[in-house]
Amino acid sequence: GKKTNQFQLGSEYFSADNIVSNAVASTIYLVDEYDTLNETGVFILSGNPVLTISGIDQARGAIFTRDGNRIVTYSPQEIRVSSFSTGQELIKISTPAERVILSNDDSLLAAAAPDGSVALFNLTDGSPKIELTGNGSAVTLLKFLQSGAHLAIGSEESTSVWDTTSGKKVYELA
């Protein structure tokens, strides 16, 4: 049966552990099984690709929406929201993303850019909501707090909490 954080495609169940990105091939694969080389972190596919999303230049990764209906892929050029069951692109956001996270209700998407800035988008249509100015350092932590009203952003220099409605910084720990 279905367990927490698992999604069904046909008669098979998948989780985020089944997502494999290949930046060189510009492809995200959903696979039924894989092996990992611990020394290099390179994925060796031993299973069969079940869903393939191609044409993603320098693919960084992918995450599922909590309902399991959509898969969000991201790269230094763009973010795509696709149907989990068909792989069809639903939304394309032309913004660089090194790290992406969804709010607990899947209404907001936060994307960290290489310059440390973070942009918030409405996940229903991909429209921009607010941009949070970074400190120029790569984002190492991106986490919506429980209600989605606040977003924690961390780098090697500091961690800050931002109000997702006003775009104002409400707390900083250096």
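Computed from a predicted model, the values in this text were never measured in an experiment.

Rules behind the numbers
Note on numbering: residues in each chain are counted from 1, in written sequence order. Since the coordinates come from a predicted model, pLDDT governs what is reported: local features require at least 70, and pairs of side-chain atoms require 80 or more to be given and counted, while whole-chain, interface and lining totals use all residues. Values shown for side chains rest on all heavy atoms present in the structure; no hydrogens or waters enter the calculation. Secondary structure elements follow DSSP: runs of H or I no shorter than four residues count as helices, runs of E no shorter than two count as strands, and numbering proceeds from the N terminus. Relative accessibility under 20% of the residue-type maximum defines a buried residue, over 50% an exposed one, and the middle range a partly exposed one, all with a 1.4 Å probe and only protein chains included. Calculation of accessible area relied on Shrake-Rupley with a 1.4 Å probe; when residues are assessed, cover is drawn exclusively from the protein chains displayed. Strand pairing is assigned whenever DSSP detects at least two bridges linking the two strands. Only the contacting stretch of a helix is used when fitting its axis, a line to C-alpha atoms as for every element, and angles between N-to-C directions run 0 to 180 degrees. Here a salt bridge means any side-chain nitrogen of Lys or Arg lying within 4 Å of a carboxyl oxygen belonging to Asp or Glu. By definition, no residue in a patch forms a salt bridge, and every one has over 30% relative accessible area; like charges are joined within 9 Å, nonpolar side chains (Val, Leu, Ile, Met, Phe, Trp, Tyr) within 5 Å. The pLDDT value tells you how sure the predictor is about a given residue, anywhere from 0 up to 100. Whether two residues are in contact is decided by their heavy atoms: any pair within 4.5 Å suffices.

## Looking at the overall build of the chain
For step 1, the next point in the chain: From N to C terminus, the chain includes 0 helices and 19 strands.
For step 2, the next point in the chain: Here the chain, with 174 residues, has 46% of them falling under the buried criterion.
For step 3, the next point in the chain: In the structure as shown, the chain presents an accessible area of about 9100 Å², 46% of it carried by carbon and sulfur atoms.

## Remarks on the sheet that holds strand β9 (residues 70-74)
For step 1, the next point in the chain: Taken together, the 4 strands give an open sheet; going across it, the order is β8-β9-β10-β11, and neighbouring strands pair in antiparallel fashion. Of all the strands in the sheet, just β8 (61-64) and β11 (89-93) have a single pairing partner and so form its edges. Averaged over neighbouring strand pairs, the angle between their axes works out to 20° when direction is ignored.
For step 2, the next point in the chain: Pairing of strand β10 (residues 79-83) with β11 involves 4 bridges; the strand directions are antiparallel.

## Things to note about the sheet that holds strand β13 (residues 108-112)
For step 1, the next point in the chain: Pairing is antiparallel across the open sheet formed by 4 strands, whose spatial order is β12-β13-β14-β15. Of all the strands in the sheet, just β12 (99-102) and β15 (128-132) have a single pairing partner and so form its edges. The average undirected angle you get between the axes of adjacent strands in this sheet is 20°.
For step 2, the next point in the chain: Strand direction decides the pairing type here: β12 and β13, joined by 4 bridges, are antiparallel. Bridged to Val100 within β13 is Ala111.

## Examining the pattern of salt bridges
For step 1, the next point in the chain: With the rule as written, the count across this model stands at 5 salt bridges.
For step 2, the next point in the chain: Residue Asp106 pairs with Arg66 through a salt bridge whose shortest N-O separation is 3.8 Å. You can see Asp106 sitting in the loop between β12 and β13 and its partner Arg66 sitting in the loop between β8 and β9, a full 40 residues away along the chain.
For step 3, the next point in the chain: We classify Arg66 as partly exposed; its relative accessible area is 44%.
For step 4, the next point in the chain: Across the salt bridge formed by Glu78 and Lys92, the nearest N and O atoms sit 3.4 Å from each other.

## Topic: a nonpolar patch on the surface
For step 1, the next point in the chain: A grouping of Val170, Tyr171 and Leu173 is seen on the molecular surface, where their side chains present a nonpolar patch of about 310 Å² in accessible area.
For step 2, the next point in the chain: Along the polypeptide, Tyr171 turns up in strand β19 (residues 169-173).

## Details of the confidence of the model for the chain
For step 1, the next point in the chain: Chain-level pLDDT for the chain is 75 on average; 65% of the residues reach the 70-or-more range.
For step 2, the next point in the chain: Across the chain, the element-wise mean pLDDT spans from 45 in strand β6 (residues 43-45) up to 95 in strand β14 (residues 118-122).
For step 3, the next point in the chain: Within the model, the stretch residues 1-8 combines pLDDT values under 50 with 20 contacts to residues more than four positions away or in other chains.
For step 4, the next point in the chain: The model gives residues 34-46 a pLDDT under 50, and that stretch makes 21 contacts with residues more than four places away or in other chains.

## Considering the environment of Val100
For step 1, the next point in the chain: Here Val100 is to be found in strand β12.
For step 2, the next point in the chain: Given a relative accessible area of 8%, Val100 falls into the buried group.
For step 3, the next point in the chain: Between the alpha carbons of Val100 and Ala113 there is a distance of 9.2 Å; along the sequence they are 13 residues apart.
For step 4, the next point in the chain: Those residues in contact with Val100 that sit more than four places away from it in its chain are Ile63, Val72, Tyr74, Ile79, Leu109, Ala110, Ala111 and Leu142.

## Here we look at the pairing of strand β16 (residues 141-144)
For step 1, the next point in the chain: Judged by which residues are buried, β16 turns out to be one-sided: Leu142 and Phe144 face inward and are buried, whereas Leu141 and Lys143, on the alternate face, are not.
For step 2, the next point in the chain: Inspection of the sheet shows β16 paired to strand β17 (residues 150-154) by 4 bridges, in the antiparallel sense. Looking at the pairing, Leu141 lines up with Gly154 of β17.
For step 3, the next point in the chain: Hairpin connection, β16 to β17: the antiparallel pair is bridged by 5 residues, and Gly148 has positive phi, about 85°.

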